[in-house]
Amino acid sequence: MATAIQKNGMKHLTNGALNHVDNVSSLERAGMHPDSKDVMLAEEQEQPEIQGDMEVLETEAAEMEAPEIDIVINNVVCSFSVRCHLNLRKIALEGSNVEYRRENGMITMKLRRPYTTASIWSSGKVTCTGATSEDQAKIAARRFARSLQKLDFKVRFNNFRVVNVLGTCCMPFAIKITSFSVRHKDIADYEPEIHPGVTYKLKEPKATLKIFSTGSVTVTAPSVAAVQTAIEHIFPLVYEFRKERTPEDQLALQIKKRGLAGNKRTGNCTGAFPPEVVPVPDDDAMGSDDEGDASDASWN
């Protein structure tokens, strides 16, 4: 009795010989009716086509479930304290890249790398804007503190924290903001006479989103992680109200992208977003008198 085997396995026959069979299915079809063979051949030909269609559907489903959206961090606002009184007149006369605004009671100091601007008060409070990451904001803050230390102030770098982060992203579709605001009227505010976008406020994470009909979304949050979490939260909500972009929407997006590229070339920190959405530090970031005892040892 002979045994049908595949290439990777061979069994001894009763007569001691070896039987090599490359295609086992050919033996199974040997005793079939011709019509049955034709049906099996047709099914085998249709099977690759079905598998190809299934792969396409799985790929499309994966793209819909996990879309890739680029989040651009435009501005990071941070604050810190130097724990000493600052003579603004001395900084204005002896410092570099400074502007003394006497009517506001503060001095503006700028750095080239990273391109940031610091607002300095005589109480020792400093607010830094213009960074594009939290790490870059801390580097800029330490450089501002070092510049003040070189002017013979007893500076101690203390109470550094990120106050506000502004991020923007563009959805791969346009949004029906009127229908969206009606559905989420409890936490969404839409006043087209005042602002062209929907204001959507989140409590957890604490963030404020500006949603525009072109698909552009602006997020203001306390940290970069909160910006990302807010985008992940809002995407499934706006996806229900997606629509095809009109030629006017595409033109508006192109103009916005050109404006962002121009601001990057010229080094403008605050021109990449409308004035109404520029993050302003909280009052406690500038006027708080509660200072911790912890300080950086390098500033002693």
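This is a predicted model, so every value here is computed, not measured. (Residues numbered from 1 in each chain as written. Predicted model: local features only at pLDDT ≥ 70, side-chain atom pairs only at ≥ 80, totals over all residues. Heavy atoms only, no water.)

Colleague: Even after reading the chapter, I still don't get the pattern of salt bridges, so can you show me in this structure?
Modeller: When their charged atoms lie close together, side chains carrying opposite charge are able to pair. A full pass over the atoms with the stated rule returns 2 salt bridges. For the salt bridge of Glu-99 with Arg-101, the shortest nitrogen-to-oxygen distance reads 3.9 Å. Taking relative accessible area as the criterion, Arg-101 reaches 30% and is therefore assigned partly exposed. Residue Glu-240 is joined to Arg-183 by a salt bridge in which the shortest nitrogen-to-oxygen separation is 3.2 Å. One end of the pair, Glu-240, is in the loop between helix 6 (224-239) and strand 12 (242-243); the other, Arg-183, is in helix 5 (residues 177-183), and 57 residues separate them in sequence. Across the pair, Arg-183 and Glu-240 agree in class, each one exposed. (Salt bridge = Lys/Arg side-chain N within 4 Å of Asp/Glu carboxyl O. Buried < 20%, exposed > 50% of the residue type's maximum accessible area, 1.4 Å probe, protein only. Helix = DSSP H or I, 4+ residues; strand = E, 2+ residues; numbered from the N terminus.)

Colleague: Is there a simple way to think about helix 4 (residues 134-149) in this case?
Modeller: Helical geometry: 3.6 residues make up each α-helical turn, so side chains three or four residues apart lie on a common side. Look at helix 4: 23 Å from first C-alpha to last across 16 residues, which is about the 22 Å you get at 1.5 Å a residue. Of all the residues in helix 4, the buried ones are Ala-137, Ala-140, Ala-141, Phe-144, Ala-145 and Leu-148. Buried residues in helix 4, looked at end-on, bunch into an arc of 140°, giving them a common side. (Expected span 1.5 Å × (residues − 1). Arc of directions from axis to C-beta.)

Colleague: Just checking my understanding: could you explain the sheet that holds strand 1 (residues 71-81) for this structure?
Modeller: Strand order in this open sheet of 10 strands is 2-3-4-5-1-6-11-10-9-8, and the pairing throughout is antiparallel. Every other strand in the sheet has two partners, leaving strand 2 (98-101) and strand 8 (188-190) as the edge strands with one partner each. Within this sheet the neighbouring strands show an average axis-to-axis angle of 15°, counted without direction. Bridge count for strand 1 against strand 5 (residues 125-131) is 5 bridges, and the pairing is antiparallel. Residue pairing in the sheet places Ser-79 in a bridge with Thr-127 of strand 5. (Pairing = 2+ DSSP bridges. Axes fitted to C-alpha atoms, helices over the stretch in contact; angles between N-to-C directions.)

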